[in-house]
Structures are given as structure tokens and as C-alpha cells.
Amino acid sequence: MRIETIEKLCCPFDKAELSLTVIHQDDSGNVTEGFLICSECKRLYPIITGIPIMNPDEYREFKFEQPVLDKWQSHLSGKTIENFRVVDPEDGNQLLQ
């Protein structure tokens, strides 16, 4: 997915901005692997094979996303994912602000 297209996306829950972490890009500069994090609700949306997975929580299966998140752990800077949201263990597992 093109970065210009990704920059037009917003969180489907609260319409807040998303920050992009690129894990891999193809030769054309398109993002093929990475994730988006909502600035408000801290939900993490993975980008897999160039497609952002932005389904409502009730349609997501954490067990299927877990292997990808484990692979990307070094890009989360020590943070973890609970209920599809980024949490900081140093803050007593409170949602990041």
C-alpha cells in the first residue's frame, strides 16, 4: 500500500490520526508490512501483504495476529498488546496516553 494512501486513513472507532511503523517496503516504496497505532484509543492495526487489517474488535482474532505481533516485538519498544491496544508495562499496564 502506498504511504500516501495510508496517510489518508483514520481510526474507524474514533476517527483519530494513526501513526505508521514500517517493517518492510517493496522496491517501489509501498508498505508491505507494518502497523498503525491510533493516537486516541491506542488500537494497533497490522499491515500484512500491503493490506491494513482494520476490522472491528469483535471480528478480530488475537490468536491469529499474535505470531505477527511476536515477530514485530522489537518495533514495539517494550510495549505489549492487550485487547488489540498498545499498553506500556512500566505504567502498570495502563493504556498509553
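The structure contained in this document is the topic of the report that follows. Just so you know, the residues in each chain are numbered from 1, in the order the chain's sequence is written. The predicted nature of this model means local features are confined to residues of pLDDT at least 70 and side-chain atom pairs, given and counted, to a pLDDT of 80 or more, with totals for whole chains, interfaces and linings taken over all residues. For side-chain calculations, the full set of non-hydrogen atoms in the structure is used, while hydrogens and water are omitted.

## A few points about the packing of aromatic side chains
Aromatic ring pairs are defined here through the distance separating the ring centres and the angle between the ring planes.
Logical step 1: Only Phe, Tyr and Trp rings are paired, with Trp represented by its six-membered ring, and only when their centres lie within 6.5 Å; those with planes under 30 degrees apart are stacked, over 60 edge-to-face, the remainder tilted. The tally for this structure, following the rule as stated, stands at two aromatic pairs.
Logical step 2: Taking 5.8 Å as the distance between ring centres and 70° as the angle between the ring planes, the aromatic pair formed by phenylalanine 62 and phenylalanine 84 counts as edge-to-face. Of this pair, phenylalanine 62 sits in helix H2 (residues 62–71) while phenylalanine 84 is found in the loop between strand E5 (80–82) and strand E6 (85–88), placing the two residues 22 residues apart along the sequence.
Logical step 3: Exposure remark for phenylalanine 62: the relative accessible area of 28% places this residue in the partly exposed category. Here a strand is any run of E in DSSP of at least two residues, a helix any run of H or I of at least four, and the numbering for each starts at the N terminus. Buried residues are those whose accessible area, probed at 1.4 Å on protein chains only, stays under 20% of the maximum for their type, while exposed residues exceed 50% and partly exposed ones sit between those limits.

## Side note on the environment of glutamate 40
Logical step 1: With respect to the secondary-structure elements, glutamate 40 resides in the loop between strand E2 (31–38) and strand E3 (44–48).
Logical step 2: Residue glutamate 40 is classed as exposed on the basis of its relative accessible area of 56%.
Logical step 3: The spatial distance from the C-alpha of glutamate 40 to the C-alpha of histidine 24 is 25 Å, given a sequence separation of 16 residues.

## Digging into unusual backbone geometry
Logical step 1: For lysine 15, which is not glycine, the phi torsion reads 60° and is therefore positive.
Logical step 2: On the secondary structure map, lysine 15 appears in the loop between helix H1 (3–6) and strand E1 (18–25).
Logical step 3: Looking at lysine 15, the relative accessible area reads 57%, which means it is exposed.
Logical step 4: Backbone geometry places asparagine 83, a non-glycine residue, at a positive phi of 55°.
Logical step 5: With respect to the helices and strands, the residue asparagine 83 is situated in the loop between E5 and E6.

Everything listed here is a matter of geometry and, on its own, says nothing about what the molecule does.
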